[in-house]
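Structural overview for review
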Amino acid sequence: MTNSSSDALLALSNVNTFYGQAQVHFDLSITVGRGHIVCLLGGNASGKSTTMKIILGLVKPRSGEVTFDGASLIGLTTPQIVRRGIASVPEARRLFADMSVRENILMGAFVRSDRDAVAQDLDRMLTLFPKLGQRLSQRAGSLSGGEQQMVAMARALMSRPRMIVMDEPTMGLSPLYVDRVLELIRTINQEGVSVFMVEQNASLALEIAHEAYVLQTGKIVLSGPARALKDDPRVRDAYLGGSEAA
Amino acid sequence: MSSWLDYTINGLIVGNVYALVAVGLALIFGVSRLINFAQGSIYLVGAYIGWVAVVQLHTPLPLTIIVVAASAAVVGLIIERFGLRPLQNSVRIAPLLATIGISFVLDQLVMLTFSPNPRALPSQLPDVRFQVGGGTIGPLDLLIAGVGITSALLLFVFLRYSKLGWAVRATAQDRDAAMQMGVDVNRVNQAVFGIAAALGGVSGMLVGMYYNQIDTAMSLQATLKGVVAEVVGGAGNVPGAVVGSLLLGLVESYGVAVFGTSYRNLFAFLLLVVVLVLRPNGLFASARQAPPEPLTGTFIAPSRPVRIPRWALLAATGIFAILPLFPVSFYVLQTFINAWLLGMLALSLTLVAGTIGQVSLGHAALLAIGAYTSALLSLNFSVPVGLAVIGGGLMSAALGTALISPSFRLRGHYVSIATLAIGEIVSLVILNWESVTRGPIGISGIPPLSLFGYELISPTSIYWFSFAVMIVLALLQGRLLGSHLGRSFRAIRDDDIAARAYGLSLNRYKSLAFIFGGFAAGVSGGIAAHLYSYINHETFNTQQSILALTVVILGGLGNVVGAIVGSVALVGLPELFRIAAEYRILIYGIVLLLLVRFRPQGLLGTM
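Residues numbered from 1 in each chain as written. Chains lettered and ligands numbered in written order. Predicted model: local features only at pLDDT ≥ 70, side-chain atom pairs only at ≥ 80, totals over all residues.

1. Topic: unusual backbone geometry
Residues and elements named next belong to chain A. Even without a glycine there, the phi angle at R93 is positive, about 70°. Within the element layout of this structure, R93 appears in the loop between strand 6 (86–89) and helix 3 (101–107). In this structure R93 comes out as buried when scored by C-beta crowding, with 25 C-beta atoms within 10 Å. Here R94, not a glycine, exhibits a phi torsion of approximately 50°, which is positive. Within the secondary structure, R94 is located in the loop between strand 6 and helix 3. (Helix = DSSP H or I, 4+ residues; strand = E, 2+ residues; numbered from the N terminus. Buried ≥ 20, exposed ≤ 12 C-beta atoms within 10 Å, placed from the backbone.)

Now the structure itself:
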């Protein structure tokens, strides 16, 4: 893993972001190692989702650098960034509601032109997400939240990404699906895809993550191996014990 | 004597033509949430390119269709690339205004190239009719139906089976998510504009052949009909646009069968208003479908208005007040009188569109109501002209507000469509209500302005009168904006949900704005009627509504002083440079485009 010049797949360094006058990120630096699951924790309005948007090129930082596999992503459009190998599972899933499940999953392969391999990958998705098999011709908008999350994950995998960024993948799901989603993230990761996920539910995220960062009003206040953070009293107070989980 | 079958066939054929326009509008709306008011201009361009091909180049029919489709597509691509793409991150009203500006420019360019006189566009098919049941059908009918059905099939295949078609559908459903799948949204926009323009252009050519006549008035009509069909079918819904078009064609055709030709458009716009009020998402939208407009967010460019010191305003008012005392020509006075009349209309529109955010495209209707009321009061009931003008203002306030009130629940672009339709309806009612309005003949012999028994005939006295009225209206409006009422208006404009959460009744405040605005516009129309001494249903047309909107944007939306400055600039400058009348509309269109692109907040800033 450390044989290349750097084992960081994605690196944000000293990113400052503004919405008009308001500063959202203050010298944000985050590293996602190859093959790792990294999780960004934080409450509402801490700047988590904006971090996702920075990575995907949907929002431009005012200063700082974002590199993927050593090359800068700054100035690239979202489609160009997707072609570099970053796929996304957006917040609230954002499926194409009036398209069929099958079409949604295939939209994930939009940047690929190897038709036969895409067809094989579709079959692979159906073994990974067996429930979707019977739903293929259904409107995506008619699925339950959990099923939609499966479609969103299958859609992201279809581009054969090197990294998937996920915005609150467990939000609004029933406990049963939450476990299922976490298990799937682990499976995906074991197949070699790095994962960067944004979560409010710290205890769940720290279960599966290798490293984690805690974001508070645009600043990283804590970071380190997930195991260590899990036992850190500051995290426990702020995210595990306090107002949210109790 | 035509049979019902004939009317049905005619309705379906016309519906097919509308469908070619409406499908393009629906594609564009789907992908970029934009109502493309330039669609009719592309249709016009298509008709004239068809004329060049048929009459001058003598191309055979299949080649004519290809030439028209290809050149119209190029026009569409140019519009997308240079007119709209630069506005991607602009306020939401910007692209809508840009398409209006583009349509002015295109229409005028066609008019300047080919002259405004109608031309014959011969059909290239044999002139025979076949008996079908109780009706007849000709080769051109079959061609139009064939083109319609073929285009629908091609479009279906494109959207369902091609990669770009998938990208179009995905972008229409969720633009951001589509980008995250690697879809290049600019390419999607390009594709959609190209297709829409090709279909629109062919449609214009077919209509030209159908009626064997083309002229530049076709443009606005086509845009209006396409928008009606599209909204009836559900904005952004492509199959809905086809069904909406056929329905519109049939409604019009049967309406004509029962009531006569001059009622054709009335039925179209009534259908639109009914659908907008009862089912704003269109006839086929499912109940759970999200409204196609974002719920909050600024529609109008926010800015800090330019502060003008009070002494400067007083000085300017003083100078204009004593202007007639200097040796100025009647021509100069006449120009300023026009500016003051337009200024009153602009005051009205800047309140309605700028302060409370209801961008009206049918404001000329308020002029017409005021003008007809004042003219008829003074002619039929011998009401003194001064009172009659006030009566015109009151009638515009009351009737205008009553007409728009069913549309108060609409937002953003939909308000513009509704006001456009209501404007057309007013003009069509004037045309058809002969017993009161004297129909197409118009009203002549309207008595000149008078005040307390003294006739105002000299340009000097008319100048003073109109200037004084405008200043009074401006002062009233300034007071209004400074009061809590003005704040409530702006709150509703900036976030109607938050405003409602604070207990503001949207309907009441929108009514108040339209009442005040209607009065100012009605007074302007009333004065104009007595100045012109003759008015008809075309005296106050959509072009004037758009001119007023350009004035208001030039001055800065919501800005009282800006409305007057804008009027003087747009009326005065073309006079100053002696620009020929036919270039003026072109210049207005270019001004609108440049403003939207480079200074959406106007000269003096929005308030």
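2. Brief notes about the sheet that holds strand 5 (residues 71–72) of chain A
Residues and elements named next belong to chain A. If you walk across this open sheet you meet the four strands as 2-1-4-5, and the pairing is antiparallel. At either end of the open sheet lies a strand with only one pairing partner, and these are strand 2 (22–33) and strand 5. Strand direction decides the pairing type here: strand 4 (residues 63–68) and strand 5, joined by two bridges, are antiparallel. Of the residues in strand 5, the one forming a bridge with F68 is A71. The strands touched by helix 1 (residues 48–56) within the sheet are strand 1 (8–19), strand 2 and strand 4, with strand 1 carrying the most contacts at an inclination of about 115°. (Pairing = 2+ DSSP bridges. Contact = placed C-beta atoms within 7 Å. Axes fitted to C-alpha atoms, helices over the stretch in contact; angles between N-to-C directions.)

3. What to know about the domain arrangement of chain A
Residues and elements named next belong to chain A. Split by domain assignment, chain A resolves into domain 1 (1–85 + 161–245) and domain 2 (96–160). Contact residues are listed per partner, giving 12 residues for domain 1 and nine residues for domain 2. When contributions to the side of domain 1 that touches domain 2 are tallied by element, the ones reaching two or more residues are helix 2 (78–83) and helix 6 (175–190). A total of four residues in the side of domain 1 that touches domain 2 trace back to one element, the largest contributor, which is helix 6. Tallied by class, the residues present in the side of domain 1 that touches domain 2 amount to nine nonpolar, two polar and one charged. (Domains from an automatic or database assignment. Nonpolar A, V, L, I, M, F, W, Y, C, P; charged D, E, K, R; others polar.)

4. Points about the domain arrangement of chain B
A common way to report how large an interface is uses the accessible area buried once the components associate. Residues and elements named next belong to chain B. Domain assignment breaks chain B into domain 1 (2–278) and domain 2 (310–598). In this structure, domain 1 and domain 2 have C-alpha centres spaced 32 Å apart. Taken together, the contact pairs 31 residues of domain 1 with 30 residues of domain 2. Every element with two or more residues in the side of domain 1 that touches domain 2 is listed here: helix 4 (93–114), helix 9 (218–233) and helix 11 (264–278).

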